Structures are given as C-alpha cells and as structure tokens.
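Topology and contacts: notes
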Amino acid sequence: MEPATDTPGLILRTPEGRPFLFDPGTLCLELLPTGGPGLLARYEVLHEPADLMRWAERSRLPDGLALAVSASELTDARALRDALYRLAADRAHGRALAAADLDVVNERAAREPLVARIDIGAGVGAVRAWAPDATGAQLLSTVARDAIDLFTGPYAHRIRECGSHDCSLLFADTSRPGRRRWCAMERCGNRNKARAHRARVALAE
C-alpha cells in the first residue's frame, strides 16, 4: 500500500504486483485494505505500531502529522478496522448493522480526536498544521468519527462492494452520477470489460 500523489486514495497492488489507484471515498474506508476479519487476516499489514503510522502518512489526512502509536493502540486499530469492515459489508449488502460493531466505533469516537491548528506560513499567510504529540488513540477517534459521518450521512446508501466476483474491496461512491461499480476501472473494471468482450466474441463464433 502506497500513497497516491495528487489524488485521494491509495496505491494498491494486484496479486501480480501491478499498481492501481483505489479511492474508497472516505478516510475510514481507507483503513480497510490493511487487513480484516476472517479470511482477510492473510492481508494483514498492521504488524507493529510503525505500520499504523505509515498508514496515517499515506491516508487522505493532511500532511504534517507527528504521531506516536503504542502497542495497545495498534490492537485497537485492528479491532476498529475489523468492525468497520463488517459494518461496511453489511451496509453494502443490505444487512442489519451489528450492535457490537457499532459499539466499537462509538467507543473510539468518544475519545479525543486529532487536533488541527493554524501556524504562521510564508509571508503574511497562515497554514494548516496538527497539534503536536498526537497519539494513536486520537487517530482512531478521528477515523471513527469519520465513520459515523459516513454511516449517518448522504453517502450511507452508496457504500458498496466491488462488482467483481473475486474482489471484496469496499468503497463509498461519492461520484455525482452514483453509478460506480468497481474498486478501480484500471483493475476490476477493465478486467470485467475484457471478460465481457471475450464472451461476446465467443457467442459470435
């Protein structure tokens, strides 16, 4: 998982190693590609506190966050991510949201979030910065609050799973038309277009 340069989202890699841009639409859903519950545990990348700090650097959070993460906060991060995955998957498939997973999100959201501040910029301007000594708990609170905004906001009904049969990436479709089907056109979208083309050619023969 790598940072995208000028656009929101993450650079992920296919099993063959090809990079593609995946924009899940919100900060909280950016946490999901780091692993997950059940069979998704084989994709785990949050093995040590530094891994969560790297994720924060690559996320859509503004630059400049000086973050310290403890081992217990890393455990909390994995628990929050797993709860968010189940909630997003349930919402995408029209299932009731589990109270236990909502409790995990609400408990994290109740903590102090990351704090933004204004610093002196070049000339007479001002720049956005982060308050110093940010913690993993504050990071998770910010992620959980973003999840509350998502699940109770205008894009809650647009939380979707990629339309490819062999992809489980989840995203919020924030596009104006609201017709997004794939995690990324350059990955699953193009694969399915090619598959459909081959099927049409086979029928024509």
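See the structure shown above.
The present account deals with the structure reproduced in this document. Just so you know, these numbers come straight off a predicted model, no measurement behind them. (Residues numbered from 1 in each chain as written. Predicted model: local features only at pLDDT ≥ 70, side-chain atom pairs only at ≥ 80, totals over all residues. Heavy atoms only, no water.)

1. Here's the deal with the pattern of salt bridges
Applied cut-off: When a carboxyl oxygen of Asp or Glu is within 4 Å of a side-chain nitrogen of Lys or Arg, the pair counts as a salt bridge. Type-normalised accessible area, obtained with a 1.4 Å probe on protein chains alone, sets the label of each residue: buried when under 20%, exposed when over 50%, and partly exposed for intermediate values.
The final tally for this structure, using the stated rule, is 14 salt bridges. Where glutamate 16 meets arginine 18, a salt bridge forms, and the shortest distance between an N and an O atom there is 3.6 Å. Owing to a relative accessible area of 55%, glutamate 16 belongs among the exposed residues under this scheme. A salt bridge links arginine 117 to aspartate 119, with the shortest nitrogen-to-oxygen separation between them at 3.0 Å. Residue classification places arginine 117 among the partly exposed positions, given a relative accessible area of 38%. The network of salt bridges with shared partners includes Asp76, Glu107, Arg108 and Arg111.

2. What about the packing of aromatic side chains?
Each aromatic ring pair is specified by the distance between its two centres and by the angle formed by the two planes. Operational definition: Aromatic pairing here means that ring centres of Phe, Tyr or Trp (its six-membered ring) are within 6.5 Å. Orientation follows from the plane angle: under 30 degrees is stacked, over 60 is edge-to-face, and everything else is tilted. Geometrically, a charge over a ring is one whose NZ (Lys) or CZ (Arg) sits within 6 Å of the ring centre while staying within 35 degrees of the ring normal.
Evaluation of the coordinates by the stated rule reveals 0 aromatic pairs. Lying over the aromatic face of tryptophan 130, arginine 128 brings its terminal NZ or CZ to 4.7 Å of the ring centre. In this structure, arginine 180 is placed above the aromatic ring of phenylalanine 171, and the distance from its NZ or CZ to the ring centre is 3.9 Å.

3. Notes on the pairing of strand β3 (residues 19-22)
For the record, the criterion: Per the convention used, a helix needs a DSSP run of H or I reaching at least four residues, while a strand needs a run of E reaching at least two, with both numbered from the N terminus. The pairing criterion for strands is at least two bridges between them, as found by DSSP.
On β3, burial follows the alternation: Phe20 and Phe22 on one face are buried, whereas Pro19 and Leu21 on the facing-out side are not. Bridge count for strand β2 (residues 10-13) against β3 is 4 bridges, and the pairing is antiparallel. Pairing of arginine 13 across the sheet is with proline 19, part of β3. Counted along the chain from β2 to the antiparallel partner β3, the turn is 5 residues long, and its residue glycine 17 has a positive phi close to 95°.

4. Brief notes about the side chain of threonine 34
Selection rule: Any pair of N or O atoms that falls within 3.5 Å is considered a polar contact. Within protein, one atom must be able to donate a hydrogen and the other to accept it, and sequence-neighbouring residues count only if both atoms are side-chain atoms.
Position of threonine 34 among the secondary structure elements: in the loop between α1 (27-30) and α2 (49-58). A relative accessible area of 0% places threonine 34 in the buried class. From its side chain, threonine 34 meets the backbone oxygen of leucine 31 in a polar contact 2.7 Å long.

5. Points about the nonpolar core
Condition: Residues grouped as a nonpolar core are buried Ala, Val, Leu, Ile, Met, Phe, Trp, Tyr and Cys residues, joined through side-chain atoms within 4.5 Å.
Of all hydrophobic cores here, the largest spans 39 residues; its most connected members are Leu52, Trp55, Leu65, Leu80, Leu84, Leu139 and Val143. Going through the elements one at a time, α1, α2, α3 (71-92), α4 (99-109), α5 (136-152) and β9 (170-172) are the ones with two or more residues in this core. Take this core: its biggest share by element is 9 residues, from α3. With 12 residues, the next largest nonpolar core counts Phe20, Cys162, Leu169 and Phe171 among its residues.

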